[in-house]
Amino acid sequence: MADSIASRYTYTLDSSLESVNRVEQAAEQIAQKAGLNEDAVFQVSMAVREAAVNAVLHGNAYDAQKKITASFENTGNALIIRIADQGKGLDITQLTDPRTPENLLSGSGRGIFLIRSFMDEVHFKQLHPGTELTLIKHFTSAPRGM
Amino acid sequence: MTMKTSTRQVDGVTILDLSGRITLGEGSVQLRDAVRDLISKGSKRILLNLAEVNYIDSSGIGELVSAFTSVRNQGGELKLLKLTKKVHDLLQITKLYTVFDIKDDEAAAVASFAK
């Protein structure tokens, strides 16, 4: 269910892969509507997908009792997207660089790296319980409205 | 949204044609199952044709790496064929471009496997 106040949309969703796909699609639509170019739309939608996967899989661990929330805001200068879960929290000091020789052949551990690669700013906030990721993409040219 | 797989044999090389999205859930599982099936049947030369793969997420990337190491651990070779620009860029960002043997031409790719 989405609530909209001005140019901010918030979704509260179950901890499921369907929710991941919905959040990704919402990100793609909002990025397109904001006038981002094709590459930037891809980067935003993929970063948001990875954040939603983290929330559903690593945060809430598919717990049917826990929700994820995704909010999208077009400030006129940037897209600000927040993805939150109700899980046990993310220790960012444990994150490793997947490009190092010891991690290169790992079958996981690239989600946060891709998010950081694709967004201009990424912020982590502990929610007690849960984690909120704030993803920011700055506009390099005049955007359209949401 | 879902991924499709099919296999064919060309000069002793098993080509796994993939199309669609390789993402957490169905796509990644399909890729894992398909490669496991090929390994269990004794395939040691596997070429993943990604020409029709228009999207891959970190889970799918991880599955490609796992497929690569699984085949290599069985004494085989797994190579990639015809990456789309998005998949190419993702493998470059993650430095996996240095891990995989990536080909653009199918005949040359088939010929490149050890006989």
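Everything quoted here is computed from the prediction, not taken from an experiment.

Undergrad: Just checking my understanding: could you explain the packing of helix 2 (residues 38-59) of chain A against helix 3 (residues 111-118) of chain A for this structure?
TA: Each packed pair of helices is defined by two parameters, the angle between the axes and the distance between the axes. Residues and elements named next belong to chain A. Contact geometry for helix 2 and helix 3: axes closest at 9 Å, N-to-C directions at 150°. With respect to helix 3, the axis of helix 2 lies roughly antiparallel. Helix-helix and strand crossings are classified by hand; for helix 2 and helix 3 the assignment is left-handed. Across the interface between the two elements, Gln43, Met46, Ala47, Glu50, Ala51, Val53 and Asn54 from helix 2 touch Gly111, Leu114, Ile115 and Phe118 from helix 3. Its residues assigned to classes, the contact of helix 2 with helix 3 comprises seven nonpolar, three polar and one charged.

Undergrad: Whenever I open this one, the pairing of strand 4 (residues 78-84) of chain A confuses me. Can you help?
TA: As a general feature of sheets, a regular strand has side chains that alternate between the two faces. Residues and elements named next belong to chain A. As paired elements, strand 3 (residues 67-74) and strand 4 share six bridges and run antiparallel to each other. Following the sheet pairing, Thr69 is matched in strand 4 by Ala84. Where strand 3 folds back onto strand 4 in an antiparallel hairpin, the turn is made up of three residues, including Gly76, whose phi is positive at roughly 95°. Where strand 4 meets strand 6 (residues 131-138), seven bridges bridge the pair, whose relative direction is antiparallel. The residue bridging Ile80 from the neighbouring strand is Ile136, located in strand 6.

Undergrad: Just checking my understanding: could you explain the environment of Ser66(B) for this structure?
TA: Residue and element names in this part refer to chain B. Relative to the helices and strands, Ser66 is located in helix 2 (residues 58-73). Using a count of 19 C-beta atoms within 10 Å as the deciding quantity, one classes Ser66 as partly exposed. Taking C-alpha positions, Ser66 is 9.7 Å from Val35, a pair spaced 31 residues apart along the chain.

Undergrad: Sorry, what's going on with the interface of chain B and chain A here?
TA: Between chain B and chain A, the residue contacts involve 15 residues of the former and 17 residues of the latter. No other element matches the seven residues that helix 2 of chain B contributes to the side of chain B that touches chain A. Tallied by class, residues from the side of chain B that touches chain A come to five nonpolar, seven polar and three charged.

Undergrad: How do you make sense of the nonpolar core when you look at a structure like this?
TA: Among soluble globular proteins, nonpolar side chains are generally buried collectively. Residues and elements named next belong to chain A. Formed by 34 residues in total, the largest nonpolar core has its most connected members in Ala27, Ala47, Val48, Ala51, Ala52 and Ile83. Elements that contribute at least two residues to this core include exactly helix 1 (17-33), helix 2, strand 3, strand 4, helix 3 and strand 6. The leading source of residues in this core is helix 2, at 10 residues. Those residues in contact with Ala27, other than ones at most four positions away along the chain, are Val44, Ser45, Val48, Phe72 and Ile81.

Undergrad: Teacher, can you tell me more about the environment of Asp39(A) here?
TA: Residue and element names in this part refer to chain A. If you trace the backbone, Asp39 turns up in helix 2. Note on Asp39: 12 C-beta atoms within 10 Å, which makes it exposed. The spatial distance from the C-alpha of Asp39 to the C-alpha of Phe118 is 9.8 Å, given a sequence separation of 79 residues.

Undergrad: How should I be thinking about the sheet that holds strand 3 (residues 45-56) of chain B in this particular structure?
TA: Two orientations exist for strands paired in a sheet by backbone hydrogen bonds: parallel and antiparallel. All names here are of chain B. Sheet architecture is open: five strands sit in the order 1-2-3-4-5, paired in mixed fashion. Of all strands in the sheet, those bounded by a partner on one side alone are strand 1 (4-10) and strand 5 (102-103). When strand 2 (residues 13-22) meets strand 3, the two strands line up parallel, connected through eight bridges. Looking at strand 3, one finds that Leu16 is bridged to Leu48. In the packing of helix 2 onto the sheet, the strands contacted are strand 2, strand 3 and strand 4 (77-81), and the crossing angle to strand 4 comes to about 145°.

Calculation rules
Residues numbered from 1 in each chain as written. Chains lettered and ligands numbered in written order. Predicted model: local features only at pLDDT ≥ 70, side-chain atom pairs only at ≥ 80, totals over all residues. Axes fitted to C-alpha atoms, helices over the stretch in contact; angles between N-to-C directions. Helix = DSSP H or I, 4+ residues; strand = E, 2+ residues; numbered from the N terminus. Parallel < 35°, antiparallel > 145°, perpendicular 65-115°, else oblique. Left-handed = near helix turned anticlockwise from the far one by under 90°. Contact = placed C-beta atoms within 7 Å. Nonpolar A, V, L, I, M, F, W, Y, C, P; charged D, E, K, R; others polar. Pairing = 2+ DSSP bridges. Buried ≥ 20, exposed ≤ 12 C-beta atoms within 10 Å, placed from the backbone. Core = buried A, V, L, I, M, F, W, Y, C linked by C-beta atoms within 7 Å.

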